[in-house]
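# Coordinates in review
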Amino acid sequence: MEFTFLQKQTTRRDILRGSVTLAGSAFLAHLFPATLLHASAAGYAQQSPSQADLLAYMRDWFNTFPMETQKLADNVTMFDGPGGAVVVLNGPDGKFVVDSFVAPAWPRLKVALDGLGDAPVQYLIDSHWHFDHTDNNAHFRAAGATVLAHENTKKRMSEPHDLPVLLRAPDGALIGLHFDPSPAAALPQQTFSDSYKLQANGETLTLQHVAPAHTDTDIYVYFQNANVIQMADLFFNGMYPYIDPGTGGKITGLIAASDRILSLADNDTKIVAGHGPLGNKTDLMKARDMLVTSRDRVQKLKSEGKSALEAVAEKPFADLDPVWGRGIINGDQWVQIVYLTL
Ligand SMILES: [Zn+2]
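A brief structural summary. Quick caveat, the model's predicted, so the values are computed rather than measured.

### Remarks on the pattern of salt bridges
All chains considered together, the criterion is met by 12 salt bridges. When the shortest N-O distance is used, the salt bridge between D289 and R288 registers 3.6 Å. In this structure D289 comes out as partly exposed when scored by relative accessible area, which is 42%. Among the residues examined, R288 registers a relative accessible area of 24% and is labelled partly exposed. One salt bridge connects R297 with D319, and the closest N-O pair in it is separated by 2.8 Å.

So this is what it looks like as structure tokens:
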């Protein structure tokens, strides 16, 4: 077997052109039993690219996204693009940054942060442990910032993870993506177990952990005066979300987190999604309703004794796919994610 897709994609334009294939399959990993994953990986043992190559490829793919700047309040700015959304509170007390993109996006992020003024970054807050949100922790630490996160983020980053398969070869076989423990210099220096408050630049930031949802490390960040809630990967705006069963993700938790934010938000609240455009309460309500419908339909199939692949064959989301299935996760993947995280 040949891994022709990766071998042929040599230019940036080719990578971009191939991005739908990669995106659509990027998070298949969790969806299949470990035995199938290992069998597929074994099949590629001779000719597959190394794990380092695969991870580099994934980072490069995220980095093909343009970075867009949006002001959310006088002193709150969002940079959106290469691996989620970065939000910055800026002022005389320094910069307070949430999330950090993938590693190759660091030069662009640094220029953007420097463009906000000379004040140093005081804190970098990790919304959860995934690499597209924490990849530049070490750069922030080296620049003198304190990296702050939920205690589970530090725990997960300190462990090796075979992120249940992230890539699919052209013939559909699944390939796992291995993460070594992060180096000590990239770990959060400060952690908390439930919630944490920061006050600076006339703003109050509430960092709140939620019960396992997208992972077991998620927090949301509430910028009280600006009326901004950064949900990060607790909210994929306008597309099926990814839920990570390898580190504790649960669809019921994601629904509960959505309900919690809906009770906190008003009609003017700006809600920052981990992937997808800036949202509001109406957008989150739509996503929440889609989650409930998805859970109920797959639960019914599971209760009838159907396997994950049999559930996929039933096409339970045929009516939802035209709206929700055009992002990172397609309808078939979503059935399996829901099945595995119920
Ligand atoms: Zn994530």
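Still more ground to cover, so stick around.
### Things to note about the coordination of the zinc ion
Coordination of the zinc ion by the protein is provided by H128 (NE2), H130 (ND1), H214 (NE2) and D233 (OD), with metal-donor distances spanning 2.1 to 2.2 Å. In primary sequence terms, the donor set of the zinc ion follows H-x1-H-x83-H-x18-D. Within this pair, whereas H128 is found in the loop between β5 (121-125) and α7 (131-134), its partner D233 is found in strand β13 (residues 228-236), the two being separated by 105 residues in sequence. Exposure class is identical for H128 and D233. Each is buried.

### A look at the sheet that holds strand β3 (residues 84-89)
Across the sheet, which stays open at both edges, the seven strands sit in the order β1-β2-β3-β4-β5-β6-β9 with mixed pairing between neighbours. Two strands close off the open sheet at either side, each with one partner strand: β1 (68-73) and β9 (190-192). The average undirected angle you get between the axes of adjacent strands in this sheet is 20°. Both strand β6 (residues 146-150) and β9 contribute to a ladder of three bridges, which runs parallel. The residue of β9 that forms the bridge with L148 is Q190. Running over the sheet, helix α9 (residues 151-158) touches β6 and β9 and is turned about 100° from β6.

The rules behind these values
- Every chain begins its residue count from 1, and numbering advances along the sequence as written.
- Local features in a predicted model are, by the rule used here, given only for residues with pLDDT of at least 70; side-chain atom pairs are given and counted only at 80 or more, and totals for whole chains, interfaces and linings are based on all residues.
- Note that the side-chain values use all heavy atoms of the structure and ignore hydrogens as well as water.
- A side-chain nitrogen of Lys or Arg and a carboxyl oxygen of Asp or Glu constitute a salt bridge if their distance falls within 4 Å.
- Any residue under 20% of the maximum accessible area for its type is buried, any over 50% is exposed, and the rest in between are partly exposed; the area is computed with a 1.4 Å probe on protein chains only.
- For Na, K and Ca the donor cut-off is 3.2 Å, while for other metals it is 2.8 Å, and in both cases only N, O and S atoms qualify; water is not among them, so sites may look incomplete.
- Helix numbers and strand numbers start at the N terminus; a helix is a DSSP run of H or I with at least 4 residues, a strand a run of E with at least 2.
- At least two DSSP bridges between two strands are required for those strands to pair.
- Comment: axis = line fitted to C-alpha atoms, over the contacting stretch for helices; angle = value between 0 and 180 degrees taken between N-to-C directions.
- It only takes one pair of heavy atoms within 4.5 Å for two residues to be counted as in contact.

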